[in-house]
Amino acid sequence: MSLSTPLTLSGAPGSPYTRKMLAVLRYRHIPYKVLWGLQEPPEDLPKPKVHLLPTFYLPNENGDLEAVVDSSPLIRRFEDAFEGRSIIPPDAGLAFLDHILEDYGDEWLTKAMFHYRWHYEADIDQAGSVLPRWRGITASESDIAAAKKFFSERQISRLYVVGSNDTTAPIIEASYERFLQLFQAHLQKFPFLLGDRPASCDFAFFGQLTQLTHFDPTPSQLTLKKAPRVYAWVDLLEDLSGLEPEDAHWISRDEAKETLKPLFAELGRTFVPVMLANAKALKEQEDAVKTLVDGAEWTQQPFPYQGKCVQWLRDAYQGLASGDRAFVDQVLDGTGCERLVAG
Ligand SMILES: N[C@@H](CCC(=O)N[C@@H](CS)C(=O)NCC(=O)O)C(=O)O
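A short tour of the structure in this document, coming up.

Rules used throughout
- Residues numbered from 1 in each chain as written.
- Predicted model: local features only at pLDDT ≥ 70, side-chain atom pairs only at ≥ 80, totals over all residues.
- Heavy atoms only, no water.
- Near = heavy atom within 4 Å.
- Polar contact = N/O pair within 3.5 Å; in protein donor to acceptor, adjacent residues only side chain to side chain.
- Nonpolar A, V, L, I, M, F, W, Y, C, P; charged D, E, K, R; others polar.
- Helix = DSSP H or I, 4+ residues; strand = E, 2+ residues; numbered from the N terminus.
- Expected span 1.5 Å × (residues − 1).
- Bend = angle between axes of the 7 residues up to and from the residue.
- Buried < 20%, exposed > 50% of the residue type's maximum accessible area, 1.4 Å probe, protein only.
- Contact = heavy atoms within 4.5 Å.
- Pairing = 2+ DSSP bridges.
- Axes fitted to C-alpha atoms, helices over the stretch in contact; angles between N-to-C directions.
- Left-handed = near helix turned anticlockwise from the far one by under 90°.
- Phe/Tyr/Trp six-rings, centres within 6.5 Å; stacked < 30°, edge-to-face > 60°.
- Lys NZ or Arg CZ within 6 Å of the ring centre and 35° of its normal.

With that out of the way, let us pick up the site of the ligand. The full set of residues close to the ligand is S15, P16, Y17, H51, L52, L53, D70, S71, R158 and Y305. Taking L53, its main chain carries an N or O atom lying 2.8 Å from an oxygen atom of the ligand. S71 places a side-chain nitrogen or oxygen 2.6 Å from an oxygen atom of the ligand. Partitioned by chemical class, the residues of the shell around the ligand number five nonpolar, three polar and two charged.

And the structure:
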């Protein structure tokens, strides 16, 4: 169904998924209006069922405006509504790899993002000082001081949602450092994950990395020191409106097999065991997710949304034609990701 533009969304500069979607809209030349830092949507806009950032205000089948969240399905809806400059590869096998990598960005890199922001004093202090000001730049210093305290306490108390705790903190940090090395190595060959044009997974990585590289001081310094190429990549992804993509710019299957394996092996080491243990805990109605990541204990509360992510991935894998599935299997073979898709 077509959509009239500009699209309206509310979001925040410190929200990785807001940054993901704004970069998608810019690259795709889709006009938009962004409402920053809404406490409550204006009267004429509907309220979302779950308050997440970003929230888009889009017409439903009857033409009534609806508040819609969740970046990955929205990206697919915009693929149908707007022609050209697609961010989903036309090769179904590559599109499936894009789907896994997008989930890794959204569901795993976000653990590093949330962890670094609310774990170390310097990051807590900076986020507490700046985040509330995005909601009201003219607010008084006393209001900001109160908001800083409220916001920081609330977010620190929610570290458990992404699974950041004393047991998992070293696992999250080691995984972010390995990710930097692997992504940096990939960027020496290709400017994007799937070749010479960006895919939805690039925007998922970008969203989390906007915060990790350019906002929170601890991971920002770490990234600059270990992977300046990744830092610079984030600056470029922000606005790809001038890139002119061509069909031939997607990575070939042979190149994908060669270059993407090390990155998928990293997913197999961290993201996959946690996603699978989470799905199992939900199925068996356990109170806690427990598994080993790299030989170290991982424990967190079950997260229903990520259980759905596993099911969607498996459904998509089952829906692949046999030739496409064979290609995906060749890329994933030996990486630890086989278990994620073929449950
Ligand atoms: N799966 C959603 C995740 C969106 C999300 O978790 N947004 C965060 C901010 S970046 C949020 O709004 N969290 C609720 C809160 O902070 O109150 C998406 O892809 O859009």
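The terminal C-alpha atoms of helix α11 (residues 253-269), which comprises 17 residues, lie 23 Å apart, in line with the 24 Å expected from a rise of 1.5 Å per residue. Its axis deflected by about 50 degrees at L260, α11 carries its strongest bend there, up to four residues before the proline P262. Looking at α11, one finds that the buried residues are A256, T259, L260, L263, F264, E266, L267 and G268. Of the surrounding elements, those touching the buried residues of α11 are α3 (92-119), α7 (169-187), α8 (200-214), α12 (271-283) and α14 (322-332).

Before going further, it helps to spend a moment on the pairing of strand β6 (residues 296-300). In regular strands, side chains alternate between the two faces of the sheet. Bridging between strand β5 (residues 289-293) and β6 involves five bridges; their strand directions are antiparallel. Each bridged residue has a counterpart across the sheet, and for L292 the counterpart in β6 is E297. As consecutive antiparallel partners, β5 and β6 are separated by two residues, and within that stretch D294 has a phi angle of approximately 55 degrees, a positive value.

As a further point, take the packing of α8 against helix α10 (residues 228-237). Between α8 and α10, the least distance of the axes is 9 Å, while the angle of their chain directions is 115 degrees. Crossing handedness for the pair α8 and α10: left-handed. Along the contact surface, α8 presents D202, F203, F205, F206, L209, T210, T213 and H214, while α10 presents V230, Y231, W233, V234, D235 and L237. Within the contact of α8 with α10, the residues separate by chemical class into nine nonpolar, three polar and two charged.

Turning our attention to the sheet that holds strand β2 (residues 32-36). Here we have four strands laid out as an open sheet, ordered β2-β1-β3-β4, and mixed in their pairing. At either margin of the open sheet sits one strand with a lone partner, and together these are β2 and β4 (65-68). Adjacent strand axes in the sheet meet at a mean angle of 25 degrees when their direction is disregarded. Note that strand β1 (residues 7-11) and β2 share five bridges and pair parallel. Its bridge partner lying in β2, G11 is registered against W36. Those strands touched by helix α1 (residues 16-27) are β1, β2 and β3 (55-59), and its axis lies near 160 degrees from that of β2.

Looking now at the packing of aromatic side chains. Per the counting criterion, the structure on display carries 16 aromatic pairs. On the basis of an interplanar angle of 70 degrees and a centroid distance of 6.3 Å, the ring pair of F78 and F82 is categorised as edge-to-face. For the pair F78 and F82, a shared accessibility class is recorded, and that class is buried. Among the aromatic residues, those joined into a ring-pair cluster are Y104, Y116, Y176, F179, F183, F205, W233 and F271. Taking the ring centre of F151 as reference, the NZ or CZ of R154 above it sits at 5.4 Å.

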